[in-house]
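# Notes for the structure review
Chain by chain, the residues run as shown.
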Amino acid sequence: MLKKYADRVKVTYEYMKSTIDFMEANYSKIKQLRAKNEAQYLPKKPYTLKWEMDSTKTTKFSFLGYEAGYKKSEATTGDRLYYDRSKPYKKDVPYIKEFKSVKEVVIPTAYIIPRGYWNIIDLLKNNGITYSQLKNDTIVEVESYKIADFKTAPSAYEGHYIHRNTSITSKIVKVAFAKGDYLVPTNQKGAKYLLEAFEPEGVDSFFNWNFFDAILQQKEHYSEYVFEDTAAKLLKENPTLKAELETKKQNDTTFAKNPEAQLEWIYKHSAYYEKAHLQYPVYRVL
């Protein structure tokens, strides 16, 4: 960005020419590698959702630069950074070019999404994704996700307040789906797109881009005064629930000193807790 505009255009043009020439000379090999790559994204195979740099594997890179310094700013009351063109240097710096997998999922056979999410279906159509609709109301055994935790950016990016560091809990359950709900198989060319979009822990998932924010809003709650008697009855009638509560109090001293948190815990482990809250609406068919 610090170069002259004409130089930047010329370099971009030359790069595009070189790329096109390379592709023309190696198109057969490129097609073979693409086919080999696509063969990784098949049901039952592992898929990496998150990568991080592998700092144990580095090479040396000769970096050419100029010594940095600070001088009085002519625009503010502070100092400003500048690079001294009279002091060039060459320095070998560590270069990390390899990444390692830190989060994997097993590719499901298909995803099921309720028909009400028309905005998601439109995106699938735009990306050439193949899908079908259930012909009848039916019960299917699926893997179900609950959003366990996430963080949200403090400022907007591209019109969204993007979520990050999302984590989930999962369990195998039988779910009643309605006629017209969408069945999206993963054995198709768009499998990688589906995985990145439908898996909520993916960096650019539909969840992280706010398409499912309605599930984050808890519409039903309780009055502590009213629920106290109900909570006591629940613990009396359910020894397992009471034992779990006692275990949590023993293992979490902060929780043990917080009656409000204990009442909230009982509520969230009862039939009165709003089932749709934090329930991820896309299900995995294994």
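Data block above holds the structure.
Here's a quick rundown of the structure. Since the structure is predicted, the reported quantities are computational estimates derived from the model, not experimental observations. (Residues numbered from 1 in each chain as written. Predicted model: local features only at pLDDT ≥ 70, side-chain atom pairs only at ≥ 80, totals over all residues. Heavy atoms only, no water.)

### Looking at a negative patch on the surface
Taken together, Glu224, Glu228, Asp229 and Glu260 make up a surface patch of like negative charges. Within the element layout of this structure, Glu260 appears in helix α8 (residues 259-268). (Patch = residues over 30% accessible without salt bridge, like charges linked within 9 Å, V, L, I, M, F, W, Y side chains within 5 Å. Areas by Shrake-Rupley, 256 points an atom, 1.4 Å probe, with all protein chains shown as cover. Salt bridge = Lys/Arg side-chain N within 4 Å of Asp/Glu carboxyl O. Lys, Arg positive; Asp, Glu negative; His and termini not counted. Charge placed at Lys NZ, Arg CZ, Asp CG, Glu CD. Helix = DSSP H or I, 4+ residues; strand = E, 2+ residues; numbered from the N terminus.)

### What about the packing of aromatic side chains?
Counting across every chain of the model gives 19 aromatic pairs. An aromatic cluster of at least three residues, connected via ring pairs, comprises Tyr111, Tyr193, Phe198, Phe206 and Phe211. The ring centre of Tyr82 lies 4.8 Å from the NZ or CZ of Lys71, which sits over that ring. Note that Lys248 overlies the ring of Phe255, its terminal NZ or CZ placed 5.0 Å from the centroid. (Phe/Tyr/Trp six-rings, centres within 6.5 Å; stacked < 30°, edge-to-face > 60°. Lys NZ or Arg CZ within 6 Å of the ring centre and 35° of its normal.)

### Some words on the nonpolar core
Counting 40 residues, the largest nonpolar core has Ile113, Leu124, Phe198, Phe212 and Tyr280 as its most contacted members. In terms of residue count, the dominant contributor to this core is helix α4 (residues 191-198) (5 residues). Setting aside chain neighbours within four positions, we find Ile113 in contact with Ile120, Ile121, Asp181, Tyr182, Phe198, Phe212, Pro281 and Val282. Formed by 9 residues, the second largest nonpolar core is a distinct cluster that contains Leu134, Val175, Phe177 and Tyr283. (Core = buried A, V, L, I, M, F, W, Y, C linked by side-chain atoms within 4.5 Å. Buried < 20%, exposed > 50% of the residue type's maximum accessible area, 1.4 Å probe, protein only. Contact = heavy atoms within 4.5 Å.)

### Overview of the pattern of salt bridges
If you walk through the whole model with that rule in mind, you get 11 salt bridges. Of the charged contacts in the structure, one is a salt bridge between Asp149 and Lys151, with a shortest N-O distance of 3.3 Å. The exposure class assigned to Asp149 is partly exposed, which follows from its relative accessible area of 36%. When the shortest N-O distance is used, the salt bridge between Lys248 and Asp252 registers 3.8 Å. A residue is classified by how much of its surface remains accessible, and Asp252, at 27% relative accessible area, is partly exposed. Taken together, the shared-partner salt bridges connect Glu143, Glu199 and Arg284 into one network.

### Section: the packing of helix α5 (residues 224-237) against α8
Contact pair α5 / α8: the axes reach a minimum separation of 10 Å and the direction vectors enclose 65°. Between α5 and α8 lies a crossing whose hand is left-handed. Contacts between α5 and α8 involve Glu224, Phe227, Glu228, Ala231, Leu234 and Leu235 on the former and, on the latter, Glu260, Leu263, Ile266 and Tyr267. Of the residues contributing to the contact of α5 with α8, the split by class is 7 nonpolar, no polar and 3 charged. (Axes fitted to C-alpha atoms, helices over the stretch in contact; angles between N-to-C directions. Left-handed = near helix turned anticlockwise from the far one by under 90°. Nonpolar A, V, L, I, M, F, W, Y, C, P; charged D, E, K, R; others polar.)

### Overview of the environment of Ala153
With respect to the helices and strands, the residue Ala153 is situated in the loop between β7 (138-152) and β8 (163-177). Each C-alpha atom, one on Ala153 and one on His163, is 6.2 Å from the other, the two residues being 10 residues apart in sequence. Discounting chain neighbours no more than four positions away, the residues touching Ala153 are Tyr161, Ile162 and Arg164.

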